[in-house]
Amino acid sequence: MLISITLNGKKITSDVSPDALLLDWARAQGCKSVKRGCETANCGLCTVFLDDEPVLSCSVLAVRADGRRVTTLEGLQEEAREFAGFIADQGAEQCGFCNPGFVMNALALFRENPDPSVDEIKEFLAGNLCRCSGYEGQTRGILNYLAWKKARGGEGAAT
Amino acid sequence: MLTIQNYKKAESLEDAWTLNQRRGSVILGGMLWLKMGKRTVQTAIDLSGLRLDRIEETPEGWSIGCMTTLRQLELHKGLNAYTNGAVREAVRHIVGVQFRNLATVGGSVWGRFGFSDVCTLLLALDSYVELYKGGNVPLVDFLTREKDRDVLVRVIVKRTPGTFLYRSVRGSQTDFPVLACAAVLVPAENGDRLRLSVGARPGRAVLFQEEAVFRGPISEADAAAFGKAAAEHIATGSNLRGSAEYRSHLIQVLAARAALELGGADRC
């Protein structure tokens, strides 16, 4: 089936099978930040934005994204750089395998709620599993990042 | 692994219904549960072009299109104001935001899953299912029906007086519930009545309505009696998440707490 998706701002037309997953399609376009983790819609590793909403690309048919906008971490370099760098500097993660999905969903949180509470952070990111940090480092990193943004005079982390 | 031979975006409900009469056809919801199975689908029918992805408020209540996502339910101001936040509480524990941006109300209700927080919640409300050929069916009846080849168009929630509450117990934060319950305190001229919907028994959600009428604040003794009656009337079973005995105990505790939270002296 012929589909046309705007991936990271660039319109791409592809011929895909009806059961091709958005995850595989995005990786085939070179977006290797989109990782296959649990493949049971639980880990959040494959998070992409579909028309600006975070979704699990392992559970979306590529044909269902036809005519829509898909954004991966590769397309959010400017927005992600500051936050991802801060998380790394804070040592907020260990192995970093979950990082792309975590960063994507954290950016979705900041867009929706620029000044989240600890409970709001935990609830929004509950769908991003991390097997080594225990989430404490990530929560601390996010809070420190938001405090740093505020200290710089910004309104929370909104970009 | 899920294999799909053909994909068809329905152009109308009649188109979807006609396609769905063929053996091997499946209507796609959020596809999250469907994808977990090993099956071959001849024709996957997508309703996403039919403008059924919205919640519309009417003078009588709300019309929830079958393609409405659980995240839309979670964030809907009108439904959450009406239910005292029970709608948000029911869905906010389901996996994560990315999952809830995909999972649909139609998929949850049509599946009639025992673990469904959505079915447990809607059953406690005055809810109806609109089927393309079958018309409007009370949700309580729909949940006991076997699946056929009709098309679930929307869920209708009528605005009837009541105070609502939703509680669930989970082994871990984003897992299926071990037990879920939605409670409603319905005011009437001769006193208040309590209605309780219990899901993840682990079977499909069922209703329990206490015959007792509460006049004035519900006492701890009344709440305990309500919990005991609910636990005795609602059948439970065992699975990996909990035993039947544990679930019955949870019903007793959650029902009593719900009674006090909704109608106890602190609330009156």
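Here the structure is a predicted model, which is why all the values come from computation and not from measurement.

(A) Examining the domain arrangement of chain A more closely. Residue and element names in this part refer to chain A. Considered domain by domain, chain A is made up of domain 1 (2-71) and domain 2 (75-151). Distance between the C-alpha centres of domain 1 and domain 2: 22 Å. Residue composition of the side of domain 1 that touches domain 2, grouped by class: five nonpolar, seven polar and one charged.

(B) Fine view of the environment of A:A108. Structurally, A:A108 can be placed in helix α3 (residues 99-112). For the pair A:A108 and A:F124, spaced 16 residues apart in sequence, the C-alpha to C-alpha distance is 9.0 Å.

(C) Seen up close, the interface of chain B and chain A. Taken together, the contacts link 23 residues of chain B with 23 residues of chain A. Broken down by secondary-structure element, the contributors of at least two residues to the side of chain B that touches chain A are β1 (2-9), β3 (39-46) and α5 (97-100) of chain B. Considering each element in turn, the side of chain B that touches chain A owes the most residues, six residues, to β1(B). By residue class, the composition of the side of chain B that touches chain A is 11 nonpolar, nine polar and three charged.

(D) Summary view of the nonpolar core. The biggest cluster of nonpolar side chains holds 136 residues, and the ones touching the most others in it are A:L22, B:L121, B:C181, B:A182, B:A183, B:A255 and B:A259. A per-element tally of this core places helix α10 (residues 244-263) of chain B first, with nine residues. Residues contacting B:C181, with those up to four places away along its chain left out, are B:T120, B:R167, B:L196, B:S197, B:V198, B:L254, B:A255 and B:A258.

Analysis parameters
Residues numbered from 1 in each chain as written. Chains lettered and ligands numbered in written order. Predicted model: local features only at pLDDT ≥ 70, side-chain atom pairs only at ≥ 80, totals over all residues. Domains from an automatic or database assignment. Nonpolar A, V, L, I, M, F, W, Y, C, P; charged D, E, K, R; others polar. Helix = DSSP H or I, 4+ residues; strand = E, 2+ residues; numbered from the N terminus. Contact = placed C-beta atoms within 7 Å. Core = buried A, V, L, I, M, F, W, Y, C linked by C-beta atoms within 7 Å. Buried ≥ 20, exposed ≤ 12 C-beta atoms within 10 Å, placed from the backbone.

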